Amino acid sequence: MEQTDADHIAAVLKGDTARFEVLIQKYLPRVFATARRYARRDDEVEDIVQEVWLKAFQKLGSFRGEAPFEHWLMRLTVRTCYDFLRSHRRNRETTFSQLTEPENDWLDRFVAQPEAASENADAARQLIERLLAELSPAARLVITLLEIEDRSVKEIAELTGWSVTLVKVRAFRARAEMRKGLAKIAKDKYL
Amino acid sequence: MNLVELERKLIAAARATPPNDRVPYAFEKRIIALLAVRPELDGWAQWGKALWRASAPCVAIMLLLGAWSYFAPAGSTSTSLSQDFENTLLAAVDQNGESW
């Protein structure tokens, strides 16, 4: 009979640490994918993932089993990513005047003919990455969860531990920050 | 430049490329090894340890104050604690009256 997450968790809490490896193997790709949304360098991603699992092990006793383990783990992951963003704010001062050639070309194409600039281009992905890196930690988290991952305000509130009202306020501010960043691109490039 | 359209395009670009979920080789082994090395944090044990550490200075202060109150010379001019308290409390009012 196949064992459930609850069985593995119960075994770990009884002292069978080796059973924790089963949980790690099962959810490691998901945690890595989430961490890669917020960190670019491999060593930073690995640090985040490691931190998530160490916290998960230490806090496993507080998991009450009312929701799936995956939800509990994803909350922990998102909060660890947010902590990472807050502690790495020094990287935010990038200038849009230093856009790469493909990024410049993509923007030129967009200005000349918006529909001709493909969303699947690497340059577009680099540009959004640059733009997200400029945002404050809370704004980046909200834009990622709300706009890119298409989650609801309620889901974001559960993941982050913020109230629904706070999520709405932060989403409003985050969109304003995005527009400011985009205006900066336009100004640096065309004025 | 149409910034609303640019924002829509860039968000669509981010949506179109979900992040890679590749896991480095034997990463789970690394975490298990770390768990074995790192002692488990027990909040109550930490609290108990802190209390034990604080108990020695507390006892020392208690003994010092006890000794001081026992051996201090009884040359105080005050009549009672309540009188001292009242004097201290009304000192500002008394001085205020004198200044006028």
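Cut-offs and rules
- Each residue is numbered by its place in its chain's sequence as written, counting from 1.
- Ligands are numbered from 1 and chains lettered from A, in the order in which they are written.
- Confidence filtering applies because this is a predicted model: local features only for residues at pLDDT of at least 70, side-chain atom pairs given and counted only at 80 or more, and all residues used for totals across whole chains, interfaces and linings.
- Side-chain measures were taken over the full set of non-hydrogen atoms in the model, leaving aside hydrogen atoms and water.
- In this text, buried Ala, Val, Leu, Ile, Met, Phe, Trp, Tyr and Cys residues form a nonpolar core when linked through side-chain atoms within 4.5 Å.
- Residue exposure (1.4 Å probe, protein chains only): buried if accessible area is under 20% of the type maximum, exposed if over 50%, otherwise partly exposed.
- Helix and strand definitions follow DSSP, with helices as H or I runs of at least four residues and strands as E runs of at least two, each counted in order from the N terminus.
- Domain start and end points were adopted from an automatic or database domain assignment.
- The contact rule is simple, with two residues in contact once any of their heavy atoms fall within 4.5 Å.
- Any carboxyl oxygen of Asp or Glu within 4 Å of a side-chain nitrogen of Lys or Arg constitutes a salt bridge here.
- Polar contacts, as used here, are pairs of N or O atoms within 3.5 Å; protein pairs need one atom able to donate a hydrogen and one able to accept it. Residues neighboring in sequence count only if both atoms are side-chain atoms.
- Ten residues, namely Ala, Val, Leu, Ile, Met, Phe, Trp, Tyr, Cys and Pro, are considered nonpolar, four, namely Asp, Glu, Lys and Arg, are considered charged, and the remaining ones, Gly among them, are considered polar.
- By this rule, a helix spans an expected 1.5 Å times one less than how many residues it contains.
- Scored from 0 to 100, pLDDT reflects the predictor's confidence in each residue.
- Each patch is assembled from residues with relative accessible area greater than 30% and no salt bridge, linking like charges that lie within 9 Å and nonpolar side chains (Val, Leu, Ile, Met, Phe, Trp, Tyr) that lie within 5 Å.
- To be clear on the numbers: accessible area is Shrake-Rupley with a 1.4 Å probe, and residue cover counts the displayed protein chains and nothing else.
- Defined here as a combined quantity, buried area equals the accessible surface (1.4 Å probe) lost by two parts on assembly, summed across both.
- This arc corresponds to the set of directions leading from the helix axis out to the C-beta atoms.

### Some points on the nonpolar core
Ranked by size, the top nonpolar core spans 72 residues in total, and within it Phe20(A), Val49(A), Trp53(A), Phe69(A), Trp106(A) and Leu10(B) carry the most contacts. Here this core takes 10 residues from helix H4 (residues 69-87) of chain A, the largest share from any one element. When residues are assigned to domains, this core turns out to be shared by domain 1 (5-87) and domain 2 (96-190) of chain A, each giving three or more. Those residues in contact with Trp53(A) that lie beyond four places of it in its chain are Phe20(A), Leu23(A), Ile24(A), Tyr27(A), Leu28(A), Val31(A), Phe69(A), Leu73(A) and Ile31(B).

### Structural notes on the interface of chain A and chain B
Much of the literature gives interface size as the accessible area that the parts lose upon coming together. Facing 43 residues of chain A, the contacting portion of chain B comprises 33 residues. Glu46(A) is the salt-bridge partner of Arg30(B), the closest N and O atoms lying 3.2 Å from each other. If you look at where chain A meets chain B, you find seven residue pairs in polar contact (both at pLDDT 80 or more). At the level of secondary structure, the elements contributing two or more residues to the side of chain A that touches chain B comprise helix H2 (20-38), helix H3 (42-59), helix H5 (101-112), helix H6 (122-134), helix H7 (137-148) and helix H9 (164-190) of chain A. Counting residues per element, the side of chain A that touches chain B draws most heavily on H2(A), at 10 residues. Of the residues in the side of chain A that touches chain B, the class split is 27 nonpolar, five polar and 11 charged.

### Quick notes on H4(A)
All names here are of chain A. Compared with an ideal rise of 1.5 Å per residue, which puts 19 residues at 27 Å, H4 spans 27 Å between its outermost C-alpha atoms and is within 8% of the ideal. Phe69, Trp72, Leu73, Met74, Leu76, Thr77, Val78, Thr80, Cys81, Tyr82, Phe84 and Leu85 are the residues of H4 that are buried. Buried positions along H4 lie against helix H1 (5-13), H2, H3, H7, helix H8 (153-160) and H9.

### Points about the confidence of the model for chain B
Looking at chain B, the pLDDT average stands at 83 and 84% of residues meet or exceed 70. Overall fold confidence (pTM) sits at 0.75, and the ipTM for the predicted complex is 0.84.

### Focus: a nonpolar patch on the surface
A surface patch of nonpolar side chains, amounting to about 420 Å² of accessible area, comprises Phe85(B), Leu89(B), Leu90(B) and Val93(B). Its place among the elements puts Leu90(B) in helix H4 (residues 81-99).

### Section: the pattern of salt bridges
Where side chains of opposite charge bring their charged atoms close, a pairing between them can arise. Under the criterion given, the structure shown has 19 salt bridges over all chains. Here Glu5(B) and Arg8(B) are joined by a salt bridge, their closest N and O atoms 3.0 Å apart. Of this pair, Glu5(B) and Arg8(B) both sit in helix H1 (residues 3-16), three residues apart, which is roughly one turn of the helix. Overall, Arg8(B) belongs to the partly exposed group, its relative accessible area being 44%. Connected via shared salt-bridge partners are Arg37(A), Glu149(A), Arg151(A) and Glu155(A).

### A closer look at the domain arrangement of chain A
All names here are of chain A. In terms of domain boundaries, chain A breaks down into domain 1 (5-87) and domain 2 (96-190). With 11 residues of domain 1 at the contact, the number on the domain 2 side is 16 residues. Carbon and sulfur atoms supply 61% of the area buried between domain 1 and domain 2, which totals about 1,200 Å² over both sides. There are one salt bridge connecting domain 1 and domain 2. Of the charged contacts, one joins Glu149 and Arg37 as a salt bridge, the two residues approaching to 2.8 Å between their closest N and O atoms.

### Looking at the confidence of the model for chain A
Of the residues in chain A, 95% reach a pLDDT of 70 or more, and the chain-wide mean stands at 89. Within chain A, H7(A) carries the highest mean pLDDT (96), whereas H5(A) carries the lowest (87).

### Considerations on helix H2 (residues 27-37) of chain B
All names here are of chain B. Looking at H2, one finds that the buried residues are Phe27, Glu28, Ile31, Ile32 and Leu35. Down the axis of H2, the buried side of the element spans an arc of 140°, and every buried residue falls inside it. H2 presents Ala36 and Val37 as exposed residues on the side facing more than 90 degrees away from its buried surface.

### Regarding the environment of Asp43(A)
Residues and elements named next belong to chain A. In this fold, Asp43 is placed in helix H3. Look at Asp43 and you get partly exposed, because its relative accessible area is 39%. Each C-alpha atom of the pair Asp43 and Asp83 lies 16 Å from the other, and the pair is 40 residues apart in sequence. Separated by 2.9 Å, the side chains of Asp43 and Arg41 make a polar contact.

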